[in-house]
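Results of the structural survey
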Amino acid sequence: MDGALVAAVGVIGSAVVTGAAAMYGSKVAGRAQREGSAVTGFNSLTDQLQEERKELRTEVATLKAELAAERAESARLRLLVQSLGGSP
């Protein structure tokens, strides 16, 4: 084998290795991008759920306060009816 043939085989071999490395790198980069998108989407959904949970807690607290006020009013009216000689 002369030097030109060895150089040609070396160039072809390095081209094949470079092509394979580029394909593998592209595949890894695509996977990393998909995983990054999934994590970003998950974080966004988590934030939205936490916001909704906070709003629902506020609403539940308001409803509990309203219920307590209604029960107090009901008890007051029951006592008023009894004081006037009726039965609740």
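Throughout what follows, the structure given in this document is the object of discussion.

The rules behind each value
- Residues numbered from 1 in each chain as written.
- Predicted model: local features only at pLDDT ≥ 70, side-chain atom pairs only at ≥ 80, totals over all residues.
- Heavy atoms only, no water.
- Helix = DSSP H or I, 4+ residues; strand = E, 2+ residues; numbered from the N terminus.
- Buried < 20%, exposed > 50% of the residue type's maximum accessible area, 1.4 Å probe, protein only.
- Areas by Shrake-Rupley, 256 points an atom, 1.4 Å probe, with all protein chains shown as cover.
- Salt bridge = Lys/Arg side-chain N within 4 Å of Asp/Glu carboxyl O.
- Patch = residues over 30% accessible without salt bridge, like charges linked within 9 Å, V, L, I, M, F, W, Y side chains within 5 Å.
- Lys, Arg positive; Asp, Glu negative; His and termini not counted.
- Charge placed at Lys NZ, Arg CZ, Asp CG, Glu CD.

**With respect to the overall build of the protein**
Each helix and strand in the protein was counted, giving one helix and zero strands. Evaluated residue by residue, the protein yields a buried proportion of 0% over its 88 residues. Total accessible area computed for the protein in this model is approximately 7600 Å², and 64% of it derives from carbon and sulfur atoms.

**Examining the pattern of salt bridges**
Oppositely charged side chains may form a pair once their charged atoms are brought near each other. Taken as a whole, this structure holds one salt bridge when the rule is applied. With its nearest N and O atoms 2.8 Å apart, the salt bridge here joins Arg 76 to Glu 73. One end of the pair is Arg 76 and the other is Glu 73, both in helix α1 (residues 3-83) and three residues apart, which spans about a single turn. Residue class for Arg 76 comes out partly exposed when judged on its relative accessible area of 45%. The exposure class assigned to Glu 73 is partly exposed, which follows from its relative accessible area of 34%.

**Description of a negative patch on the surface**
There is a patch of like negative charges on the surface, built from Asp 47, Glu 51, Glu 52, Glu 55 and Glu 59. Among the structural elements, Glu 55 can be located in helix α1. Glu 55 gets classed as exposed once you look at its relative accessible area, which sits at 53%.

**Regarding a nonpolar patch on the surface**
A surface patch of nonpolar side chains, amounting to about 300 Å² of accessible area, comprises Leu 77, Leu 80 and Leu 84. Looking at the element boundaries, Leu 77 is found in helix α1. A relative accessible area of 39% means that Leu 77 is categorised as partly exposed.

By themselves, these observations are geometric and do not establish any function.
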